[in-house]
Amino acid sequence: MSAPSSLLGRVVTIATGRPAYIEMAWNLARSFLHWNGDGSLRFTLCTDHAGPLPADLVDVEIVRIRPGECGAGFSPKLHLDRLVPSNAPVLFLDADCLVVAPLRPVFDRLRGRDFSLIGRMTDVGEFYGDVRSHLARAGVPRLPLFVGSLMYWENGDTARSVFASARAFESRYDELGISRMRGATADEPVVALAFGAHGLEPVSDDGTIKADAHLYDYPPEIDLFRGRVRFVNTAPAGSHVIPNPLRESRPAIAHFNAAYAFESPYLREALVLRLVRLHGWPPFAARAWALLSLDWPQRLVQGLKNLLRPAYRRLFGTRTIKPTPRET
């Protein structure tokens with residue numbers, strides 16, 4: 001598929017390994033197409049899944065990856081410079097994101113940056129272990145505290161060098177003393193070291209580009225079809241994994257990391273998208289069905305669990321936490 005000369009940018013995600021990721025990628029693609037249908041931006045899916053796309057995603061560009069070609073776990077993200085066509089700026093989003101607004105303003109804000117993230121620089125604290133220790137072992141002065149749900153780059157030597165450095169740091173992962181995630185090497189700490197090694201500066205988080213669910217109260221308010229989204233943070237400063245000074249966010253991109261992608265409101269919005277775009281339901285009917293069949297029953301079950309949990313623990317003790325589909 002060739003790109004039109006008017007292509008302003010490319011939104012990219014990865015879905016490799018477990019089936020849950022391809023379902024998330026389809027949800028992300030649907031949300032992108034709902035808000036960005038004028039053809040100036042293209043959606044690209046890098047995947048090792050051989051099956052066909054759903055009928056409503058015929059406009060999605062596919063980059064096929066052989067299973068294990070770029071490693072496992074989070075490693076494929078470190079090879080994006082080799083996978084994605086280089087004829088337009090790239091906005092990478094994790095597959096568990098949903099687009100809730102047009103993305104052209106995001107590209108306009110980031111345009112001109114060779115490689116960029118949303119976060120803040122530091123040389124102290126905790127980020128997959130002790131930051132000061134990582135920096136000393138890697139010979140890097142500072143690194144960004146960030147969530148790897150979003151990266152932006154433009155074709156050029158800087159972006160290629162950042163990715164190459166990230167892959168090199170990954171090869172030294174245990175030597176650098178970086179903590180593993182779910183037993184695997186993580187992309188965020190090695191990208192952070194590469195970013196710092198090249199003297200780059202991140203974009204400050206003002207709550208308008210993206211919000212990561214684990215840095216805010218849960219659940220957020222969201223109606224994707226109407227472009228209504230609001231994340232609120234009432235937690236004390238410093239209580240999140242990454243300090244979040246924002247009290248509120250109304251972003252263009254909502255990130256449902258960890259277990260949040262396996263419950264509402266993520267599942268509700270994904271169902272509405274699928275019913276409308278794939279099956280042709282009117283939006284109001286799709287939302288009503290999603291509320292009745294999924295959202296309200298889930299709230300009822302969760303409310304009963306919260307109510308009965310103290311009594312259950314007194315009688316039977318605590319239960320083992322079940323792994324999510326990301327881990328099974």
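Quick note: structure is the one above.
The following paragraphs examine the structure supplied in this document.

A short note on the sheet that holds strand E4 (residues 90-93)
Here's step 1: Spatially, E3-E2-E1-E4-E9-E6 is the arrangement adopted by the six strands of the open sheet, whose pairing is mixed. Of all the strands in the sheet, just strand E3 (61-64) and strand E6 (115-116) have a single pairing partner and so form its edges.
Here's step 2: Where strand E1 (residues 9-15) lies against strand E2 (residues 41-47), seven bridges are found, and the strand directions are parallel. When the bridges of E2 are listed, Thr13 appears paired with Leu45.

Some points on the nonpolar core
Here's step 1: Among the nonpolar cores identified, the biggest contains 101 residues, and Leu80, Leu91, Leu103 and Phe115 are the most heavily contacted of them.
Here's step 2: Take this core: its biggest share by element is nine residues, from helix H1 (residues 19-35).
Here's step 3: If we ignore the near neighbours within four places in the chain, the residues touching Leu91 are Arg10, Val11, Val12, Leu103, Val106, Phe107, Leu110, Leu150, Met151, Tyr152 and Ile253.

Comments concerning H1
Here's step 1: Taking 1.5 Å of rise per residue, the 17 residues of H1 would be expected to cover 24 Å, and the 25 Å separating its terminal C-alpha atoms lies within 8% of that figure.
Here's step 2: With 13 of 17 residues buried, H1 lies mostly within the body of the structure.

Details of the packing of H1 against helix H7 (residues 266-278)
Here's step 1: It is the contact of H1 with H7, at a shortest axis distance of 10 Å, that shows an interaxial angle of 65 degrees. Crossing handedness for the pair H1 and H7: left-handed. Judged by residue contacts, Met24, Asn27, Arg30, Ser31, Leu33 and His34 of H1 engage Tyr266, Ala270, Leu273, Arg274, Arg277 and Leu278 from H7.
Here's step 2: Class assignment for the residues of the contact of H1 with H7 results in six nonpolar, three polar and three charged.

Considering the packing of helix H5 (residues 157-171) against helix H6 (residues 187-197)
If you want to describe how two helices pack, look at the angle between their axes and the distance between the axes.
Here's step 1: Where H5 contacts H6, the two axes come as close as 8 Å, and the packing angle between them is 130 degrees. With respect to each other, H5 and H6 are oriented oblique. Where H5 crosses over H6, the two elements pack in a sense that is right-handed. Where H5 abuts H6, its residues Val162, Ser165, Ala166, Phe169 and Glu170 lie against Val190, Val191, Leu193, Ala194 and Ala197.
Here's step 2: Across the contact of H5 with H6, the residue classes tally to eight nonpolar, one polar and one charged.

Cut-off values and rules
Residues numbered from 1 in each chain as written. Predicted model: local features only at pLDDT ≥ 70, side-chain atom pairs only at ≥ 80, totals over all residues. Heavy atoms only, no water. Pairing = 2+ DSSP bridges. Helix = DSSP H or I, 4+ residues; strand = E, 2+ residues; numbered from the N terminus. Core = buried A, V, L, I, M, F, W, Y, C linked by side-chain atoms within 4.5 Å. Buried < 20%, exposed > 50% of the residue type's maximum accessible area, 1.4 Å probe, protein only. Contact = heavy atoms within 4.5 Å. Expected span 1.5 Å × (residues − 1). Axes fitted to C-alpha atoms, helices over the stretch in contact; angles between N-to-C directions. Left-handed = near helix turned anticlockwise from the far one by under 90°. Nonpolar A, V, L, I, M, F, W, Y, C, P; charged D, E, K, R; others polar. Parallel < 35°, antiparallel > 145°, perpendicular 65-115°, else oblique.

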